[in-house]
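If you want the building blocks of each chain, they are given just below.
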Amino acid sequence: MHTNRIRLTFSIIAGLGVLGLAAACGGTVASGTQYGAPIGNAPAGQGNSAATTISVMSVNGGKVLVGPTGSTLYTNDQDTGGKPACVSKGCTAVWIPLTVPAGKSPTTAAGVSGTISTVALADGMDQVTMNGKPLYIFALDESPGQAQGNGAEDTFDGMHFSWHSAVPAGAPAAATSQAPANNIPGY
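Residues numbered from 1 in each chain as written. Predicted model: local features only at pLDDT ≥ 70, side-chain atom pairs only at ≥ 80, totals over all residues. Heavy atoms only, no water.

Colleague: What is the right way to look at the nonpolar core in this model?
Modeller: Where a protein is soluble and globular, its nonpolar side chains tend to be buried together. Counting 16 residues, the largest nonpolar core has C86, C91, W95 and W163 as its most contacted members. Put simply, the parts of the chain that give this core at least two residues each are β4 (62–66), α2 (89–94), β12 (136–138) and β14 (159–165). (Core = buried A, V, L, I, M, F, W, Y, C linked by side-chain atoms within 4.5 Å. Buried < 20%, exposed > 50% of the residue type's maximum accessible area, 1.4 Å probe, protein only. Helix = DSSP H or I, 4+ residues; strand = E, 2+ residues; numbered from the N terminus.)

Here's what the structure looks like:
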């Protein structure tokens, strides 16, 4: 466990160093991008269009909630009382909040059960929640239907996080990823 934590911490620091280098070289790296290039599932920037659609997809033998581009959505054990705990730049660069513009309501597709709402963020956007749990996109899921962040554990600014694929109310959880996040190169 100690070796994995060191490897995970080093990988996060190295990844953030690349992002910092891109910014220092005059390039911009928006949330929802990996090393300056859009990744398959993440929205450019944190916000989406006026309405964000949440739907259900089969992944790793279970049903998971996915965002508008098929990206698996995640929750963590540390978000309590409807408030996101993953708010540092380091955390939100890896775990991108699913957001809508302030005052807009997310939409859901058939099969999505549970209470979908939002919570205001400091940047003026609203983060989408399900049953009071803020929803995130994992930056290293590179294509629709991946759930590499399911079962991941990491630490940002001294806070430990345990991540899980978001599932429709009453549905069994998807199996933990074949390659947990702390074993993914670059993370």
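Back to the write-up after that little detour.
Colleague: Explanation requested: the environment of L140 in the structure shown.
Modeller: Note that L140 resides in the loop between β12 and β13 (153–156). L140 sits in the buried class, given a relative accessible area of 9%. When the C-alpha positions of L140 and W95 are compared, they lie 9.0 Å apart, and in sequence the two are 45 residues distant.

Colleague: Whenever I open this one, the environment of A166 confuses me. Can you help?
Modeller: Structurally, A166 is set in the segment after β14. Assessed through its relative accessible area of 5%, A166 is described here as buried. Along the primary structure A166 and N76 are separated by 90 residues, whereas in three dimensions their C-alpha atoms are 9.1 Å apart. Contact partners of A166, with chain neighbours within four places excluded, come to K63, V64, L65, L73, Y74, T75 and L135. (Contact = heavy atoms within 4.5 Å.)

Colleague: Help me understand unusual backbone geometry, please; the structure alone is not making it clear to me.
Modeller: Glycine aside, residues mostly have negative phi, and peptide bonds are mostly found in the trans state. Unlike most non-glycine residues, N131 shows phi in positive territory, near 50 degrees. Summarising the element assignment, N131 is placed in the loop between β10 (125–130) and β11 (133–134). In this structure N131 comes out as partly exposed when scored by relative accessible area, which is 45%. Located in the positive-phi region is D157, a residue other than glycine, with phi close to 50 degrees. Here D157 shows up in the loop between β13 and β14.

Colleague: Where do I start with the state of the cysteines in this structure?
Modeller: Covalent bonding between the sulfur atoms of two cysteines is what defines a disulfide. Applying the stated criterion across every chain yields a total of one disulfide. The disulfide that involves C86 links it to C91, with 2.0 Å between the sulfurs. Linking C86 and C91, the disulfide has an S-S dihedral of approximately -120 degrees and is accordingly described as left-handed. By the burial criterion, C86 is buried, and C91 matches it. (Disulfide = S-S within 2.5 Å.)

Colleague: What is the right way to look at the sheet that holds β12 in this model?
Modeller: Whether parallel or antiparallel, the strands of a sheet pair through hydrogen bonds between backbone atoms. Strand order in the open sheet made by the five strands is β6-β12-β5-β14-β13, with antiparallel pairing throughout. Looking along the sheet, the strands with just one partner apiece sit at the ends: β6 (95–97) and β13. For this sheet, the mean inter-axis angle between neighbouring strands, taken without regard to orientation, is 45 degrees. Relative to β12, strand β5 (residues 73–76) runs antiparallel, the two sharing two bridges. Residue pairing across strands places Y74 opposite Y136, the latter belonging to β12. (Pairing = 2+ DSSP bridges. Axes fitted to C-alpha atoms, helices over the stretch in contact; angles between N-to-C directions.)

Colleague: Please clarify how the sheet that holds strand β8 (residues 107–108) should be interpreted in this entry.
Modeller: Within the open sheet, the three strands sit side by side as β4-β3-β8. Their pairing is mixed. Looking at which strands have only one partner, the edges of the open sheet turn out to be β4 and β8. Here two bridges tie strand β3 (residues 53–59) to β8, and the two strands are oriented parallel to one another. Residue I54 lies in a different strand from β8, and its bridge partner there is T108.

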